[in-house]
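A look at the structure
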Amino acid sequence: MIPQLNPRSSVARFALVAMTLLAVATAARAEEMFPFVMPGLEPNRGVTDMSWLNDMPAGQNGFVRTKDGHFVDGRGKRIKFLATNFTFGSAFPDHDTADKLAARLASLGINCIRFHHMDNQTAPRGIWKNGTPKKNEFDPDQLDRLDYFIAALKKHGVYANINLHVSRNYWEGEDFPDGLANDRERREKLPHYGKGLDKINDQMIRMQREYARALLTHVNPYTKTAYAAEPCVAIVEINNENSLLQLKVPALPDYYRDDVLKKWNAWLKARYGSAEKLLAAWGGREELGADLLPGKCSTQGGENFQISKDASGETRVVVKKLPAISWHAQLHWTGLTLEEGKLHTVEFSARSDVPRKLPLSVRLQKTDWHNCGLNEDAELTPQWKNFSFTFRAARVEPGSVRFDFVIGDGPVGEFRLKDLTLRPGGSLGLRAGESLDNGTVGAPRALVPTPRGLDWTRFLAETERAYTDGMRTFLKKELGVRANIIDTQASYGEIAGTYRESFNDYVDMHAYWQHPRFPRRPWDPKDWLIPNTPMVAAKDTGNFARLAAHRVTGKAFTVSEYDHPAPSHYAAEMFPMIASFAAMQDWDGFFQFDWGGTNGADGKINGYFSLQQHPGKLAFLPAAALMFRLGEVAPARGAMRLSIPADEVVRLTSENISMTAAWKKAGVEMDELLKRRASVSFSGSGEPAVARQGRAGSQLGWDADAALYTVDAPAAKAVVGRCTGKTTKLGGAEFAVKTNARDFAVLTLNTADGKPLAQSRRLLLVAAGNVENTGMGWNDEHTTVSNKWGSAPTVCEGIGAKVTLDTKLKTAKVFALDGSGARGGEVPSMLADGRLSFEIGPQFKTLWYEIAAE
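Read on for an overview of the structure. For clarity, every value in this text was computed on a predicted model and none was experimentally measured. Along every chain, residues carry numbers that run from 1 in the direction the sequence is written. Where totals are concerned, whole chains, interfaces and linings use all residues; where local detail is concerned, this predicted model gives features only for residues with pLDDT of at least 70, and gives and counts side-chain atom pairs only at 80 or more. The side-chain numbers reported here are obtained from all heavy atoms of the structure, hydrogens and water having been left aside.

1. Concerning the overall build of the protein
- Of regular secondary structure, the protein possesses 15 helices and 43 strands.
- What you see for the protein is a C-alpha radius of gyration of 28 Å, in line with the 29 Å of a compact globule of 854 residues.
- In terms of overall dimensions, the protein has a C-alpha envelope of 85 × 60 × 55 Å along the principal axes.
- Exposure classes here rest on a 1.4 Å probe applied to the protein chains alone. A residue is buried below 20% of its type maximum, exposed above 50%, and partly exposed in between. Relative to its full complement of 854 residues, the protein shows a buried share of 61%.
- Counting only contacts in the protein whose residues sit at least 6 apart along the sequence, the fraction spanning at least 24 positions is 75%. Counting from the N terminus, the helices are the DSSP runs of H or I reaching at least four residues and the strands are the DSSP runs of E reaching at least two. Computation of the radius of gyration draws on C-alpha atoms, with the globule rule given as 2.2 Å multiplied by the number of residues to the power 0.38. In this analysis, two residues are considered to be in contact whenever any of their non-hydrogen atoms come within 4.5 Å of each other.

What follows is the structure, encoded as structure tokens:
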């Protein structure tokens, strides 16, 4: 979706408020920020210790399986996963660290670890043996560390999610017939880590199976069990963020492109039998008409580039800088009228001073900004190239269509366009030089709803499902894997991807709120940006609608990567929001990404995703465990199901209709996801349709205009967002939050025993705002710190508030807790007439408070 920023939207208003308050925030009183360093390798204590939620050892009650759409243990008891990721070298701690980490993680309420990116590097950063010519032999010391860590986790009731192919470069493992390992130029034309291609390339598929066999049949000497038959291994993911439907075949090196096209032509031959039948199915030739484009284009994000036109008619575009979001820099031609169902052709010539991918599309010129048939990439080079894209107009409205180039993808530099036209007409049949009999029928550049495009989508989707079926059968039948298996995340392939995953044991997704963007070089530690606004101000439910849209009816559902990356001022919102929403939707697990190493003792935030030393996130983990795992937040009463006919999957995927768009098209507003549990099934006929069951309602509230999110359950309360300078009243609790620099605070109140608030004898209150390292080097807009992450200690914004709650306690005390959860000083409080009230603030130098019967 490529909307322009609406200055009246809640996100824009929050951004304006944030900029207005920036100077005030920078000059906040020193006493409002204080160090709150949490022990890296020591378990939580007291009321913050959630280890009692774990059954120990993990798997003691049998293998985790699915029943009635949820994970259960061997006794049939429901199990939910609150988890994190261990990546690269952090998956291989030494034995002493492994023991301490396992206890630490369990005390936080974590009961599953996702082992991720193990296959990328040699020791000590990965599983491969160092000093060998190829990455095809496990390092015995690394394997021993992994074995011991998993055994230590098992002892503390923490399950394992083992990922197979994540980031291994296949050509580093063995030679390929085209000599790829020695040809950097060709390697750079391949998708990252061979993704997409490795679902159709026979050699890569064989290598995946060999890796799986070596790892999963290995017997852990500390548990005396092979991972395939280990009860503490709950999940095996075949791939990470990988779909054949994302493969850009024309850009592949010759050897790999020819292999894919050979299989594509064989598929066409099997489907049609003859060129005559293929031509009858594809058909489609209409005479080209007059150009529909107006003479002048409009721009969005013009501060990022310059545009000019010379006497010869060439358009010159100089990209000076890249925006934080790529579609914030565009050229577009608006007010077009295209005829529904008719062919149209875009043609132009272009060149660029450096190689450049130039996305182009035709879409509706208003909300919901859906695609209208064209979604392609032009691969520009320093030499002039001619481009021609024919498409069939779909879901258009008179005078409300636009054609656009997105130029914010980069790189910085200059490119030129000439002879640009968009005309009715064109041809969708075989092109010059194409022959089915000779096996030379080409593939589209992208998924498009033309006859060729529909067949291409069908070929990719069927080939991918055959791959997934083959891998799942190999793992289950040949290796004897007892864990729950998926191929990859459902959104990879969108509707076809979700359909693919509907045949697996469960369904998984990923999401990040404002993932850092690297405008020039990927993962450049100096050159990155974040918008730095809170998700609570997002009018479209932020990440949540997209996640919920992919849950499949009757399947367990997890989110195996989720984060609100540092150094956002608003990261404290993450756990209270995702935990309560996941509980309300009745999901089965979510995994923060990622833990961020194993040193645990340097007292500062070490990167975008690092959890282990981020107090603004860690402090809310016990609350998240109580809301989600203990079930203090109940599932929504009502449900709704989107039915998508299986025979419509190819068409919808070819039209680039996302799962979220399919829900909207069926008449569901995204805020309804706060009131009903959502799932999708691939059944029925006709257009996708939604059926609702039960009465709508949940314990969550979200006023995006006010940027306020609340949880109001008998045993759990939360106030998130713009709650300062006013009192938020929930059932049995009131939070009068004092004004602060950013008009932002997060407070949670949970009973430690699951009892209703007034009946509980022990409660945990968490209050946090901005959290950052000492001396972070922010730019003026607070959208990056470059590589100036500051130093220890991490400092936290103290939230001042008066808290009042109903209670049946006759006597009670309130304690400020230290970073381990141990009691410190007592907080003055007043208990009278069944109401306990007390004031918290930065003077207590804590994010944690305990309310306990005296």
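On we go.
2. Points about the sheet that holds strand β36 (residues 771-774)
- The pairing criterion for strands is at least two bridges between them, as found by DSSP. The 3 strands lie next to each other as β1-β37-β36, forming an open sheet whose pairing is antiparallel. Among the strands making up the open sheet, the edge pair consists of β1 (33-35) and β36. For this sheet, the mean inter-axis angle between neighbouring strands, taken without regard to orientation, is 40°.
- As judged from the 4 bridges shared by β36 and strand β37 (residues 791-797), these two strands associate in the antiparallel manner. Looking at the pairing, Thr774 lines up with Ser791 of β37. Between the N-to-C directions of two axes lies an angle of 0 to 180 degrees, each axis being a line fitted to C-alpha atoms and, for a helix, fitted only over the stretch in contact.

3. Some words on the pattern of salt bridges
- For this analysis, a salt bridge means a side-chain nitrogen from Lys or Arg found within 4 Å of a carboxyl oxygen belonging to Asp or Glu. All chains considered together, the criterion is met by 57 salt bridges.
- The partner of Arg500 in a salt bridge is Glu464, with the nearest N and O atoms 2.8 Å apart. Note that Arg500 is positioned in helix α9 (residues 494-501) and Glu464 in helix α8 (residues 451-478), a separation of 36 residues in sequence.
- Residue Arg500 is classed as buried on the basis of its relative accessible area of 1%.
- Here Glu850 and Arg762 are joined by a salt bridge, their closest N and O atoms 2.9 Å apart. Of the two residues, Glu850 sits in strand β43 (residues 848-853) while Arg762 sits in strand β35 (residues 762-768), which places them 88 residues apart along the sequence.
- On the accessibility criterion, Arg762 (35% relative accessible area) is partly exposed.

4. Some points on the pairing of strand β31 (residues 716-721)
- Of all 6 residues in β31, 6 are buried; the element is thus mostly enclosed.
- Relative to β31, strand β30 (residues 708-713) runs antiparallel, the two being bridged by 6 bridges. Within the sheet, the bridge partner assigned to Tyr709 lies in β31 and is Val720.
- Where β30 folds back onto β31 in an antiparallel hairpin, the turn is made up of 2 residues.

5. So, the nonpolar core
- Put simply, buried Ala, Val, Leu, Ile, Met, Phe, Trp, Tyr and Cys residues joined by side-chain atoms within 4.5 Å make one nonpolar core. Core analysis: the largest hydrophobic core is formed by 200 residues, its most contacted members being Leu216 and Leu475.
- When residues in this core are grouped by element, the largest group, 9 residues, is from helix α11 (residues 574-585).
- Counting 34 residues, the second largest nonpolar core, distinct from the first, contains Leu322, Leu358, Ile407 and Leu417.

6. Some thoughts on the packing of aromatic side chains
- The pairing test for Phe, Tyr and Trp rings, Trp by its six-membered ring, is centres within 6.5 Å, and the orientation test on the planes gives stacked under 30 degrees, edge-to-face over 60, and tilted for anything in between. Counted by the stated rule, this structure contains 47 aromatic pairs.
- When the centroid spacing of 6.1 Å and the interplanar angle of 90° are considered together, the rings of Phe36 and Trp848 count as edge-to-face. With Phe36 in the loop between β1 and β2 (65-67) and Trp848 in strand β43, this residue pair connects regions lying 812 residues apart in the sequence. Like Trp848, Phe36 is buried.
- Aromatic pair Phe844 and Tyr849: ring centres 6.2 Å apart, planes at 85°, arrangement edge-to-face.
- Tyr849 gets classed as buried once you look at its relative accessible area, which sits at 1%.
- The structure contains a cluster of three or more aromatic residues connected by ring pairs, namely Tyr512, Phe518, Trp523, Trp528, Phe593, Tyr608, Phe609 and Trp789.
- A ring has a charge above it when a Lys NZ or an Arg CZ is no more than 6 Å from the ring centre and no more than 35 degrees off the ring normal. The side chain of Lys80 reaches across the aromatic face of Phe628, ending 5.1 Å from its centre.
- Over the ring of Trp384 we find Lys418; its NZ or CZ atom is 4.3 Å from the centre of that ring.

7. Quick look at the side chain of Ser326
- As for its placement among the helices and strands, Ser326 is situated in the loop between β13 (315-319) and β14 (330-336).
- Of the residues examined, Ser326 reaches a relative accessible area of 18% and is grouped as buried.
- Excluding anything up to four places from it in sequence, Ser326 contacts Val406, Gly408, Asp409 and Arg517.

8. Notes on unusual backbone geometry
- The amide bond that connects Ala123 to the next residue, Pro124, takes the cis arrangement and shows omega of 10°.
- Take Pro124: it is sitting in the loop between β5 (112-116) and α3 (140-155).
- Not every positive phi belongs to a glycine, and Lys224 is a case in point at roughly 65°.
- With respect to the helices and strands, Lys224 occurs in the loop between β7 (219-220) and β8 (225-226).
- One non-glycine residue, Ser786, lies in positive phi territory at about 55°.
- Within the secondary structure, Ser786 is located in the loop between β36 and β37.

9. Quick look at helix α5 (residues 202-216)
- Take the number of residues in a helix, subtract one, and multiply by 1.5 Å to get its expected span. Taking 1.5 Å of rise per residue, 15 residues should cover 21 Å, and α5 covers 21 Å from first to last C-alpha, within 8% of that figure.
- Buried residues along α5 sit against α3, β6 (159-165), β8, β9 (233-239), α6 (254-272) and α8.
- Here a polar contact is recorded for every N or O atom pair within 3.5 Å, except that within protein the pair must consist of a potential hydrogen donor and a potential acceptor, and residues adjacent in sequence are included only if both atoms are side-chain atoms. Two or three places before Gln203, at the opening of α5, Asn201 has a side-chain oxygen 3.1 Å from that residue's backbone nitrogen.

10. Regarding the environment of Leu611
- Mapped onto the elements of the fold, Leu611 is located in the loop between β25 (589-592) and α12 (615-618).
- Placed 45 residues apart in sequence, Leu611 and Ala566 show a C-alpha to C-alpha distance of 9.3 Å.

11. Looking at the sheet that holds strand β12 (residues 305-309)
- Pairing within the open sheet is antiparallel, and its 5 strands lie in the order β12-β13-β20-β15-β18. In the strand order of this sheet, the two ends are held by β12 and β18 (385-392), each with one partner. If you compare each strand with its neighbour and ignore which way they point, the axes differ by 25° on average.
- Where β13 meets strand β20 (residues 413-424), 5 bridges bridge the pair, whose relative direction is antiparallel.

12. Section: the packing of α6 against helix α7 (residues 275-282)
- Contact geometry of α6 with α7 gives a least axis separation of 9 Å together with a crossing angle of 90°. With respect to α7, the element α6 is oriented roughly perpendicular. Counting all contacts with α6, which are made through Trp264, Leu268 and Tyr272, the residues of α7 involved are Lys277, Leu278, Ala281 and Trp282.
- Lys, Arg, Asp and Glu make up the charged group, whereas Ala, Val, Leu, Ile, Met, Phe, Trp, Tyr, Cys and Pro make up the nonpolar group; the residues left over, Gly among them, are polar. Residue composition of the contact of α6 with α7, grouped by class: 6 nonpolar, no polar and 1 charged. Our angle categories are set so that under 35 degrees counts as roughly parallel, over 145 as roughly antiparallel, 65 to 115 as roughly perpendicular, and the remainder as oblique.

13. What to know about the environment of Ala152
- Within the element layout of this structure, Ala152 appears in helix α3.
- Between the alpha carbons of Ala152 and Glu286 there is a distance of 68 Å; along the sequence they are 134 residues apart.
- Those residues in contact with Ala152, other than ones at most four positions away along the chain, are Ala98, Asp99 and Ala102.

14. Side note on α6
- For α6, which comprises 19 residues, the first-to-last C-alpha distance of 26 Å matches the rise-based estimate of 27 Å (1.5 Å per residue) to within 8%.
- Taken residue by residue, α6 has Tyr256, Asp259, Val260, Leu261, Trp264, Asn265, Trp267, Leu268 and Tyr272 as its buried positions.
- Buried-residue contacts for α6 involve α5, α7 and α8.

15. As for the pairing of strand β38 (residues 801-806)
- Judged from the 5 bridges that link them, strand β33 (residues 733-737) and β38 form a sheet pairing that is antiparallel. Bridge pairing in β38 places Ala733 opposite Leu805.
- Of the pairings in the sheet, the one linking β38 to strand β42 (residues 835-840) comprises 6 bridges and is antiparallel in character. Paired with Thr804 across the strands is Ser837, a residue of β42.

16. Brief notes about the packing of α6 against α8
- At a minimum axis distance of 11 Å, the contact between α6 and α8 shows a crossing angle of 105°. One way to sum up the angle between α6 and α8 is to call them roughly perpendicular. On α8, the residues touching Val260, Lys263, Trp264, Trp267, Leu268, Arg271 and Tyr272 of α6 are Arg452, Asp455, Trp456, Arg458, Phe459 and Glu462.

17. A word on the environment of Val720
- With respect to the secondary-structure elements, Val720 resides in strand β31.
- Classification of Val720 by relative accessible area gives buried; the value is 0%.
- Taking the C-alpha atoms as reference points, Val720 and Thr710, separated by 10 residues in sequence, lie 6.2 Å from one another.
- Excluding anything up to four places from it in sequence, Val720 contacts Val536, Glu573, Pro576, Met577, Ala707, Leu708, Tyr709, Ala745 and Val746.

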